[in-house]
Amino acid sequence: GIRSELARLGPLGAVSHTSAQQFAGGRQPLREIAQALEAPPTLEGNVREEAGPSTTLWAGRVIIQVRLVDAAIDRKFWVQDFDGSVAEIPELQRRIAKGASDAAMQRQK
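All of the points below concern the structure found in this document. For every chain, the first residue of the written sequence is number 1, and numbering continues from 1 onward in sequence order. Where local features are concerned, this predicted model is filtered to residues with pLDDT of at least 70; where side-chain atom pairs are given and counted, the filter is 80 or more; whole-chain, interface and lining totals use all residues. The basis for every side-chain value is the complete set of heavy atoms in the structure, and neither hydrogens nor water enter the calculation.

**Considerations on the overall build of the protein chain**
Here is step 1: Within the protein chain one finds four helices and three strands.
Here is step 2: Reading the secondary structure of the protein chain in the N-to-C direction produces α-α-α-β-β-β-α.
Here is step 3: Projected onto its principal axes, the C-alpha positions of the protein chain cover 45 × 35 × 25 Å.
Here is step 4: Counting only contacts in the protein chain whose residues sit at least 6 apart along the sequence, the fraction spanning at least 24 positions is 46%.
Here is step 5: In the form shown here, the protein chain has an accessible surface area of approximately 7300 Å², with 49% of it arising from carbon and sulfur atoms.
Here is step 6: Neither His nor the chain ends is counted toward charge; the positive residues are Lys and Arg and the negative residues Asp and Glu. Just so you know, the charge point we use is NZ for Lys, CZ for Arg, CG for Asp and CD for Glu. Counting 14 positive and 13 negative side-chain charges, the protein chain places the centres of these two groups 3 Å from one another. Secondary structure is summarised from DSSP: a helix means a run of H or I of at least four residues, a strand means a run of E of at least two, and numbering begins at the N terminus for each. Every residue pair with non-hydrogen atoms within 4.5 Å of one another is taken to be in contact. In these tables, accessible area is a Shrake-Rupley quantity obtained with a 1.4 Å probe, and a residue counts as shielded only by the protein chains included in the view.

**A closer look at helix H4 (residues 89-108)**
Here is step 1: Its 20 residues give H4 an end-to-end C-alpha distance of 28 Å, which sits within 8% of 28 Å, the value for a rise of 1.5 Å per residue.
Here is step 2: Here H4 has its buried residues at Leu92, Ile96, Ala97, Gly99, Ala100, Ser101, Ala103 and Ala104.
Here is step 3: Those residues of H4 hidden inside the fold are in contact with helix H1 (2-9), strand E1 (41-50), strand E2 (61-70) and strand E3 (75-85). Given the number of residues in a helix, its expected span is that number minus one, multiplied by 1.5 Å. In this scheme, a residue with accessible area under 20% of its type's maximum is buried, one over 50% is exposed, and one in between is partly exposed, where area comes from a 1.4 Å probe on protein chains only.

**Re the sheet that holds E2**
Here is step 1: Here we have three strands laid out as an open sheet, ordered E1-E2-E3, and antiparallel in their pairing. On the outer flanks of this sheet lie E1 and E3, each paired with one strand and no other. For this sheet the average axis-to-axis angle between neighbouring strands, irrespective of direction, equals 15°.
Here is step 2: Strands are treated as partners if at least two bridges between them are detected by DSSP. Across 10 bridges, the pairing between E1 and E2 is antiparallel. To define axes, lines are fitted to C-alpha atoms, for helices over the stretch in contact only, and angles between the resulting N-to-C directions are given on a 0 to 180 degree scale.

**Focus: the packing of aromatic side chains**
Here is step 1: Working definition: a ring pair exists when centres of Phe, Tyr or Trp rings (six-membered ring for Trp) sit within 6.5 Å. Plane angles under 30 degrees give stacked, over 60 give edge-to-face, the rest tilted. Counting across every chain of the model gives one aromatic pair.
Here is step 2: Look at NZ for Lys and CZ for Arg. If either is within 6 Å of the ring centre and within 35 degrees of the ring normal, a charge sits over the ring. Cation over ring: Arg107 sits above Phe77, and NZ or CZ is 4.3 Å from the ring centre.

**As for the nonpolar core**
Here is step 1: Ranked by internal contacts, the top residues of the largest apolar core, which has 15 residues, are Leu12, Ile64, Val66, Leu68, Trp78, Phe82 and Ala100.
Here is step 2: Elements with a minimum of two residues in this core: E2, E3 and H4.
Here is step 3: The element that contributes the greatest number of residues to this core is H4, accounting for six residues.
Here is step 4: Those residues within four positions of Trp78 in sequence are excluded, and the remaining contacts are Leu43, Val66, Arg67, Leu68, Ile96, Gly99, Ala100 and Ala103. What we call a nonpolar core is a set of buried Ala, Val, Leu, Ile, Met, Phe, Trp, Tyr and Cys residues that are connected through their side-chain atoms within 4.5 Å.

Right, dumping it as structure tokens:
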């Protein structure tokens, strides 16, 4: 998934699912969560599914909206939308990780 791709690419670390889950459903500010996880740049996103012409989910499309946030100041510095078929999700995850990594490297310069 995206976490594995981010870890492989390098400029952004990837907090484990187990560590991140402790904050699921909570209402803590992003700044506090990022500080607790030692993750100042934070990747946020949401997925919207669109039904395809047939009744199977795999015929549908997804739109994935992602943002990189400098959690220390709660400011977005990269926003991108990715879309494709549900079957293309692995490729979309690679593209998201690459885009986020490139944006993080650009910001560090």
